[in-house]
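# Structural overview
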Amino acid sequence: MQNILAEGNRKTDGYAMFIGRWQPWHEGHRWLIDQQLNQGKKVLLCVRDVKQDEKNPWSAWQIMMNLSEELMDLIEDNKVRLMIIPDIESINFGRGVGYDVVEHVPPQEISDISATKIREQLKAEGKL
């Protein structure tokens, strides 16, 4: 299910933009971008350049490398682009911005995926 929070001009050649830390990339993230890819849309994944700490063990560059490997086929097919952006505190828009603002509501099994639990498991296995 998706909720259109603001409507734009429905450009067909633009990108669906997703902003995140992706620490680490997991099946829930893939489900999220698939909502747009499955509609034939291209995706721009923006990696927030956050300060490394326990919640963010990888640098933005490390995340970019991981995403490049995970999504190589989609990148090569020009369906996905990656970009590092500065850390953000909010997303703001005015009226008539020219693009949709869309909330994707995942099914429960996707919503239950926790990057925190994944990081804890990686730490317990000595992989982090």
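Below or above, wherever it landed, is the structure these notes cover. These numbers were taken from a predicted model, which means no experiment stands behind them.

Attention shifts here to the nonpolar core. By size, the foremost hydrophobic cluster in this structure holds 18 residues, and its most contacted members are Trp22, Ile33, Leu45, Leu67, Leu71 and Val80. When residues of this core are traced back to their parent elements, those giving at least two are β2 (15-20), α1 (27-37), β3 (42-49), α2 (60-70) and β4 (80-86). Looking at which element gives the most residues to this core, the answer is α2, with 4 residues. Setting aside residues up to four positions removed in sequence, Leu45 forms contacts with Phe18, Trp22, Trp25, Ile33, Leu67, Leu71, Val80, Arg81, Leu82 and Met83.

According to the stated counting rule, one finds 1 aromatic pair in the structure shown. Taking 5.5 Å as the distance between ring centres and 55° as the angle between the ring planes, the aromatic pair formed by Trp22 and Trp25 counts as tilted.

With that out of the way, let us pick up the environment of Glu109. In this fold, Glu109 is placed in helix α4 (residues 108-111). With relative accessibility at 56%, the residue Glu109 sits in the exposed group. Considered as a pair, Glu109 and Gly28 are 81 residues apart in the sequence and their alpha carbons are 8.8 Å apart.

Reading the values: rules and limits
Residues numbered from 1 in each chain as written. Predicted model: local features only at pLDDT ≥ 70, side-chain atom pairs only at ≥ 80, totals over all residues. Heavy atoms only, no water. Core = buried A, V, L, I, M, F, W, Y, C linked by side-chain atoms within 4.5 Å. Buried < 20%, exposed > 50% of the residue type's maximum accessible area, 1.4 Å probe, protein only. Helix = DSSP H or I, 4+ residues; strand = E, 2+ residues; numbered from the N terminus. Contact = heavy atoms within 4.5 Å. Phe/Tyr/Trp six-rings, centres within 6.5 Å; stacked < 30°, edge-to-face > 60°.

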